[in-house]
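Per-entry structural report
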Amino acid sequence: MNEAPGRREPADATTVRPPMRDALVGAAFQLFLERGYEETTVDDIVALAGVGRRSFFRYFPSKEDVVFPDHERCLADMTAFLDEEADVQDPVQRVCDAARLVLRMYAENPTFSVQRYRLTKKVPGLRAYELSVVWRYERALAEYLRRRSTEARADTLRADVVAAAVVAAHNNALRSWLRSDGTKDAEAAVDQALGYVQNTFGSTSSAPAPAEPARTGAEDVVVVVSRRGAPMWRVVQEIESAFARD
C-alpha cells in the first residue's frame, strides 16, 4: 500500500513564497472584504501593499490569480508526486493520495480558504476561474492514469471517469469543510469520500475501506446507477448527488 503524501519540500527557490507576494495577497483580500471584489482594482491593491504595479504583475498575471495564489504550486507538487518513481500497485490509490495534496493546501490556512470560498460564491467570474483550475487538476490525474493503462481505448475512458470521480469526491468533502468555516475534520471527510472511489475503481487487493465516520443509526450504503453511454459529466453529477445525500 502506498503511503499518503506528506508535506513536500519546495523543489526550488521559485516555489518559496516571498514576503512581497504574501503582502499582495493580504492587501487584496483586505480590500475584497472591505469594498468588494469588483470594486477593488490592482492599483488599490498595490497602493495598500506599498509596491508598484510591476511588482504585482511579477507574481500574478491578473486580479483573479491573486485569489488563488497557491494553486500553481499545488499543481506542480501533485504532478511531481505522480511522476515519482515508486512501486505503485494501485494507480487509483495513487491519484487519491495526490488529491489529498490539494486538501492540505486548503488546510494550511483555514481562515484564508474560508474567505476565498465565500468570495467565489459571490463572484461568478471567480467561480469560472476556479472551475478552470479544477479541470487542470483533473487532467493531471487522468494523464497519470492513462500512462499507467495498457489498453489505450478502454483505459482512456476509464482514466477520465476515475479522475472525474476523484475530483468530485474530493471537492464534495472540501466544500462541506468550507461550509463549516473550517471546523469539521477535513481529512476524515476526504478519506471517506475517496474511499468510495477506491472501492469502486481501485484494485481489490489494495484498495482500503473508506474511513468510517461517527454514526448514530444503521450503516449507510451509497449506490450510484447510471445508464450505459451516459456522458461523463452526468456520471460525475450523479456521484456528487450521492455524496450530498449521504
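Residues numbered from 1 in each chain as written. Predicted model: local features only at pLDDT ≥ 70, side-chain atom pairs only at ≥ 80, totals over all residues. Heavy atoms only, no water.

Let us now look at the nonpolar core. Membership of the largest hydrophobic core comes to 43 residues, with the highest contact counts inside it found for Met78, Leu82, Tyr137, Leu141, Val166 and Val197. Only helix 5 (71-83), helix 6 (91-107), helix 7 (110-122), helix 8 (124-147), helix 9 (152-179) and helix 10 (186-201) provide two or more residues apiece to this core. A per-element tally of this core places helix 9 first, with twelve residues. Core analysis: the next-biggest nonpolar cluster, separate from the first, contains 20 residues, Val25, Ala27, Ala28 and Phe56 among them. (Core = buried A, V, L, I, M, F, W, Y, C linked by side-chain atoms within 4.5 Å. Buried < 20%, exposed > 50% of the residue type's maximum accessible area, 1.4 Å probe, protein only. Helix = DSSP H or I, 4+ residues; strand = E, 2+ residues; numbered from the N terminus.)

Relative to the helices and strands, Thr120 resides in helix 7. On the accessibility criterion, Thr120 (4% relative accessible area) is buried. Setting aside residues up to four positions removed in sequence, Thr120 forms contacts with Phe68, Leu126, Arg127 and Glu130. (Contact = heavy atoms within 4.5 Å.)

Counted according to the given criterion, the structure contains 15 salt bridges. A salt bridge links Arg53 to Asp43, with the nearest nitrogen and oxygen atoms 2.8 Å apart. Residue Arg53 is located in helix 3 (residues 53-59), and its partner Asp43 is located in helix 2 (residues 42-49); the two are separated by ten residues in the primary sequence. The exposure class assigned to Asp43 is partly exposed, which follows from its relative accessible area of 40%. The closest approach of N and O atoms between Glu108 and Arg73, which form a salt bridge, is 3.3 Å. Placement of Glu108 in the loop between helix 6 and helix 7 and of Arg73 in helix 5 is noted, with a sequence separation of 35 residues between them. (Salt bridge = Lys/Arg side-chain N within 4 Å of Asp/Glu carboxyl O.)

It is the contact of helix 1 (residues 19-35) with helix 2, at a shortest axis distance of 8 Å, that shows an interaxial angle of 120°. Viewed along their axes, helix 1 and helix 2 adopt a mutual orientation that is oblique. The crossing of helix 1 and helix 2 is right-handed. From helix 1, Ala23, Leu24, Ala27, Ala28, Gln30, Leu31, Phe32 and Arg35 reach across to helix 2, where they touch Asp44, Ile45, Val46, Leu48 and Ala49. (Axes fitted to C-alpha atoms, helices over the stretch in contact; angles between N-to-C directions. Parallel < 35°, antiparallel > 145°, perpendicular 65-115°, else oblique. Left-handed = near helix turned anticlockwise from the far one by under 90°.)

With 13 residues, helix 7 extends 19 Å from end C-alpha to end C-alpha; this agrees with the ideal 18 Å at 1.5 Å per step. By the burial criterion, the buried members of helix 7 are Phe112, Ser113, Val114, Arg116, Tyr117, Leu119 and Thr120. (Expected span 1.5 Å × (residues − 1).)

All right, on to the packing of aromatic side chains then. This structure, assessed with the given rule, holds six aromatic pairs. Look at Phe56 and Phe57: their rings are 5.2 Å apart centre to centre, the planes differ by 80°, and that puts the pair in the edge-to-face class. Judged by its relative accessible area of 0%, Phe56 is buried. Taking the centre distance of 5.6 Å and the plane angle of 50° together, the rings of Phe56 and Phe60 count as tilted. Taken as a pair, Phe56 and Phe60 share a single burial class, namely buried. Every member of this aromatic cluster is reached through a ring pair, and the members are Phe29, Phe32, Tyr37 and Phe112. Across from the ring centre of Tyr37, 4.1 Å away, lies the NZ or CZ of Lys63, which sits over that ring. (Phe/Tyr/Trp six-rings, centres within 6.5 Å; stacked < 30°, edge-to-face > 60°. Lys NZ or Arg CZ within 6 Å of the ring centre and 35° of its normal.)

So, about the UniProt feature "DNA-binding region" (unreviewed entry) in the protein chain. UniProt tags residues 41-60 as "DNA-binding region" (unreviewed entry). Taken end to end, residues 41-60 comprises 75% helix and 0% strand; its first and last C-alpha atoms sit 13 Å apart. (UniProt positions renumbered as here; feature names shortened; annotations may be inferred.)

The next thing to look at is helix 1. Its 17 residues place the ends of helix 1 24 Å apart at the C-alpha level, agreeing with the 24 Å of an ideal helix rising 1.5 Å per residue. The set of residues buried in helix 1 consists of Arg21, Leu24, Val25, Ala27, Ala28, Phe29, Leu31 and Phe32. On the buried face of helix 1, the contacting elements are helix 2, helix 3, helix 4 (63-67) and helix 7. Backbone geometry just downstream of helix 1 places Gly36 in the positive-phi region, at approximately 105°.

Phi is positive for Asp181, close to 60°, though the residue is something other than glycine. For Asp181, the position within the fold is in the loop between helix 9 and helix 10.

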